[in-house]
Amino acid sequence: MNAPIFQWGTDALRLHITHGEHEPPRLLAVTTADDPDLDPAAYRRAALPVVELAVAGSGRHGTSGKRHVDGLAGQRLRLVTWQQHVEAGVHRLRLDLADHEHGLEVKVHYSIADDAPALHTWVEVGTTESVVLDYVSSLTLSGLGLGRRWEDEFALWQAANPWSGEFRWRRATLAELGLYDVGMVAYDQTGSKNRVCATSTGSWSTSERLPMGILEDLRTGRMLGWQIEHNGAWHYELGDRYDSVYLTASGPAAAEHQWSQRLEPGETFRTAPATVVIGNDLEEVATALTAHRRRIRRPHAEAPIIYNDFLNGLMADPTTARELPLIAAAADLGAEVFCIDAGWYDDEGGGWWDSVGEWKPSVNRFPDGGLAAVIDEIRAAGLRPGLWLEPEVVGVRSPIARSLPDAAFFQRDGQRLTEWGRH
């Protein structure tokens, strides 16, 4: 209870971190300039380590169920040192943690930019011994809604993201989503064993839900928003812990994705980054996230306006006659690139899906000069031509499927992986 506490951050956001000789560093809370002074004693019991970590052969201690908290490996970490500096308007903090007995070395990174009031965080794990990682959190927050009737007074915003129907945001209380205060804290339990979570599998990271969430205080309107910045699998969850709520966010995990990462001495694993913002309404949350996204976006020499003929257009059925009026219209509208999407290689009139793979232009679809003549028309209209390619798949009816060896394809148990007529 007497562990030291230090604060770090900017005028917009402050982190309150406790650490000690016999405990891992814990993030008590993230506060804003408008928040009252933090009472550290109230947050200590619910506080989780700054990183949740699970390794093979070392499970959880203090809870059970499916939750990704209370990992014994994370509890063994101790703070070795920390470094902070400011560079180009970005405030950075790095916590160096270690479990020397088991060979783990962990670096937790936090950053906040002056022009984007957002907490950006990621974790690096190294080792001096062979180890298998089952879970590493990118973000861990606890103590949310402490002292409140959080099951009814806190709501989670999530965005369903079906193909062609994106950004379907909905709000529901934590109780409506199945997370309740079951009264077990009175019996020295951490709480229930339930969680509210969202998971995405594979490289289509927005195929079912956006990798985002917002926790809203329905009484005050205060909001905590987050995003996971990854083009692959991800997971986040909220659960109750000692009369409050925690949030963890990560890339892939063993339980949800059958993921693990073996590290040999000297090797390092880095998590997918995650970002947290705090606002008094949706507009403030959106503004902060937008500023952060624009700041971290990699520089581009140019960002041309591209017209693609697929969605709400030709839907993989291009011909010379159909493309020419679209090319003229795209040029009139100020597009700079005209992309011909799927189907330009299909000579069967609809068989393009499971015959894809050779990438040879269709003869039937483009008479009078072939595809090259259509490309010339694009250039003549002042546009740059583009062609859609999908080289990561080969249709089962493609000659390429017969000519390539099995070793060219992903396999499971000696069989090529096949989905919807494609390897």
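Analysis parameters
- Residues numbered from 1 in each chain as written.
- Predicted model: local features only at pLDDT ≥ 70, side-chain atom pairs only at ≥ 80, totals over all residues.
- Heavy atoms only, no water.
- Helix = DSSP H or I, 4+ residues; strand = E, 2+ residues; numbered from the N terminus.
- Buried < 20%, exposed > 50% of the residue type's maximum accessible area, 1.4 Å probe, protein only.
- Contact = heavy atoms within 4.5 Å.
- Areas by Shrake-Rupley, 256 points an atom, 1.4 Å probe, with all protein chains shown as cover.
- Pairing = 2+ DSSP bridges.
- Axes fitted to C-alpha atoms, helices over the stretch in contact; angles between N-to-C directions.
- Salt bridge = Lys/Arg side-chain N within 4 Å of Asp/Glu carboxyl O.
- Phe/Tyr/Trp six-rings, centres within 6.5 Å; stacked < 30°, edge-to-face > 60°.

A. The arrangement of the overall build of the chain in detail. Each helix and strand counted, the chain has ten helices and 24 strands in total. Along the longest, intermediate and shortest principal axes, the C-alpha atoms of the chain span 85 × 50 × 45 Å. Relative to its full complement of 423 residues, the chain shows a buried share of 50%. Long-range pairs, those at least 24 residues apart, make up 60% of the contacts in the chain with a sequence separation of at least 6. Counting every atom, the chain has about 21,200 Å² of accessible surface; 50% of that belongs to carbon and sulfur.

B. The arrangement of the side chain of R148 in detail. In this fold, R148 is placed in the loop between β9 (131-144) and α3 (150-153). Exposure remark for R148: the relative accessible area of 18% places this residue in the buried category.

C. Spotlight on the sheet that holds strand β20 (residues 306-308). Spatial strand order, β20-β21-β22: three strands in an open sheet with parallel pairing. Only two strands of the sheet have a single neighbouring strand rather than two, namely β20 and β22 (384-387). Averaged over all pairs of adjacent strands, the angle between their axes in this sheet comes to 25°, without regard to strand direction. In this structure, β20 lies alongside strand β21 (residues 337-340), joined through three bridges in parallel fashion. Residue pairing for β21: I306 is matched across the bridge by V337. This element, helix α7 (residues 320-332), spans β20 and β21 of the sheet and lies at about 155° to β21.

D. Main features of the environment of G279. Residue placement: G279 occurs in strand β19 (residues 274-279). Those residues within four positions of G279 in sequence are excluded, and the remaining contacts are G221, R222, M223, E284 and V285.

E. Quick look at the pattern of salt bridges. Summed over all chains, the structure comprises 22 salt bridges. The residue R397 makes a salt bridge to D354 at a minimum N-O spacing of 3.0 Å. You can see R397 sitting in the loop between β22 and α10 (399-403) and its partner D354 sitting in helix α8 (residues 352-355), a full 43 residues away along the chain. On the accessibility criterion, R397 (37% relative accessible area) is partly exposed.

F. Seen up close, unusual backbone geometry. The phi dihedral of D188 falls on the positive side, at around 65°, and the residue is not glycine. Take D188: it is sitting in the loop between β11 (168-173) and β12 (196-200). Overall, the relative accessible area of 66% leaves D188 in the exposed class. For D368, which is not glycine, the phi dihedral falls at a positive 60°.

G. Spotlight on the packing of aromatic side chains. Taken as a whole and assessed by the stated rule, the structure comprises eleven aromatic pairs. The interplanar angle of 75° and the centroid separation of 5.3 Å between the aromatic rings of W344 and Y345 together place this pair among those described as edge-to-face. Across the pair, exposure class does not vary: W344 and Y345 are buried alike. A ring pair is formed by W353 and W420, whose centres lie 4.3 Å apart and whose planes are at 45°; its orientation type is tilted. Of the two residues, W353 sits in helix α8 while W420 sits in the segment after β24 (415-416), which places them 67 residues apart along the sequence. On the basis of relative accessibility, which here comes to 68%, the residue W420 falls in the exposed class.

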